[in-house]
Amino acid sequence: MTSNVTAVSYGLKLSPSEPENLRSLLADSGATFEDASSAGDGRFEVCTLDFSVPSSSAADIAGLRHVIAAAKENAERTGVDTAIVPAELRKAERKLLIMDVDSTLIQQEVIELLAAYAGKRDEVAAVTEAAMRGELDFAQSLHARVAVLAGLPAAVVDSVRAEVKLSEGAAELVAAFKAAGHAVAVVSGGFNQILRPIAEDLGMDYWIANELEIVDGALTGKVLGAVIDRAAKEKYLREWAAAEGIALEHTIAVGDGANDLDMLGAAGIGVAFNAKPAVRAVADAAINMPYLDAVRHIAGV
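Small disclaimer: the values here were computed from a predicted structure and weren't measured.

**Quick notes on helix 7 (residues 138-147)**
Thought 1: When helix 7 is considered as a whole, its buried residues turn out to be Phe138, Ala139, Ser141, Leu142, Arg145 and Val146. Looking straight down helix 7, one finds its buried side chains confined to an arc of 160°; they lie on one side.
Thought 2: Of the surrounding elements, those touching the buried residues of helix 7 are helix 5 (110-116), helix 6 (121-132), strand 6 (183-191), strand 7 (206-215) and strand 8 (218-224).

This is how it looks when you write it as structure tokens:
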């Protein structure tokens with residue numbers, strides 16, 4: 001029987017017995033095991049186990065993920081995460097990778113960097129945290145945070161752009177997907193003025209964010225047009241996948257905050273990257289280390 005599911009474990013350090021640990025966890029679910037392999041590059045280690053189960057329906061995959069999550073909760077061993085991935089996604093000829101930007105593709109929250117120039121960083125950071133935990137309406141919180149920027153010279157945008165750092169492995173992740181012929185997109189509750197050069201440098205196929213209003217060389221404290229919120233992120237996932245002729249089952253979404261939840265839920269697999277607890281609790285997989293390119297191993301790229 002050809003494997004229809006793959007378990008991918010990853011962490012800064014894996015036990016040599018990781019394949020056997022995985023087999024033990026999954027055996028009661030009727031798994032028939034096939035190939036196992038290990039990889040590592042000095043930053044993190046990966047163990048991949050292909051197996052078959054009688055059914056690889058969405059409900060059955062969810063059940064397997066529950067088994068893994070329950071085992072992790074009860075384990076003394078920490079620092080290792082396991083993604084349960086349909087083989088169909090890993091073997092798909094073309095895939096779409098779609099990512100959040102702030103605290104995912106990049107290490108910082110851009111609104112906080114901008115707010116620092118207005119002397120409001122701590123105040124804005126507190127609102128951002130609450131919004132990412134899902135405690136505030138994202139659009140309302142964005143308008144409130146952007147309002148504190150009113151009057152700042154437009155030049156601060158250039159200064160902030162120079163401060164932005166890609167997450168570790170971000171450029172390598174995008175390059176690997178592109179080299180394999182897949183599509184890559186980013187959708188952000190941040191700002192086009194910051195995202196545009198990053199997306200262009202990385203060769204993104206699609207990207208969108210909010211647009212800061214600038215009048216007479218100064219920020220007005222407003223954004224132009226509709227806010228890119230959690231509903232918009234899912235909309236663009238569906239739109240761009242359709243434009244590429246890629247089934248939703250062959251899409252991978254990555255994010256960290258509550259405004260990513262709809263996108264993560266709609267994708268073939270939703271990955272929580274160093275995410276808030278509410279996001280980790282419902283995502284299909286989680287990465288709890290700083291290396292974004294671990295997504296490659298989950299997706300089979």
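Alright, that's what it looks like, and here's the rest.
**Points about the pairing of strand 10 (residues 269-273)**
Thought 1: In terms of burial, strand 10 is largely enclosed, as five of its five residues are buried.
Thought 2: Here strand 10 shows no split at all, with Ile269, Val271 and Phe273 on one side and Gly270 and Ala272 on the other all buried.
Thought 3: Relative to strand 10, strand 9 (residues 251-255) runs parallel, the two sharing four bridges. In the strand pairing of strand 10, isoleucine 252 is matched with isoleucine 269.

**So, unusual backbone geometry**
Thought 1: Although it is not a glycine, aspartate 216 adopts a positive phi angle of roughly 50°.
Thought 2: Phi at asparagine 274 is positive, roughly 40°, even though this residue is not glycine.
Thought 3: Locating asparagine 274 in the fold gives a position in the loop between strand 10 and helix 13 (277-280).
Thought 4: For asparagine 274, a relative accessible area of 36% puts it in the partly exposed group.

**Side note on the UniProt feature "active site" (unreviewed entry) in the protein chain**
Thought 1: Using the residue numbers shown here, the UniProt feature "active site" (unreviewed entry) corresponds to Asp100 and Asp102.
Thought 2: Looking at where aspartate 100 falls in the secondary structure, it is placed in the loop between strand 5 (96-99) and helix 4 (101-105).
Thought 3: Note on placement: aspartate 102 falls in helix 4.
Thought 4: Discounting chain neighbours no more than four positions away, the residues touching aspartate 102 are Gln108, Glu109, Val110, Ile111, Ser188, Gly190 and Asp256.

Scoring rules and cut-offs
- Residues numbered from 1 in each chain as written.
- Predicted model: local features only at pLDDT ≥ 70, side-chain atom pairs only at ≥ 80, totals over all residues.
- Heavy atoms only, no water.
- Buried < 20%, exposed > 50% of the residue type's maximum accessible area, 1.4 Å probe, protein only.
- Helix = DSSP H or I, 4+ residues; strand = E, 2+ residues; numbered from the N terminus.
- Arc of directions from axis to C-beta.
- Contact = heavy atoms within 4.5 Å.
- Pairing = 2+ DSSP bridges.
- UniProt positions renumbered as here; feature names shortened; annotations may be inferred.

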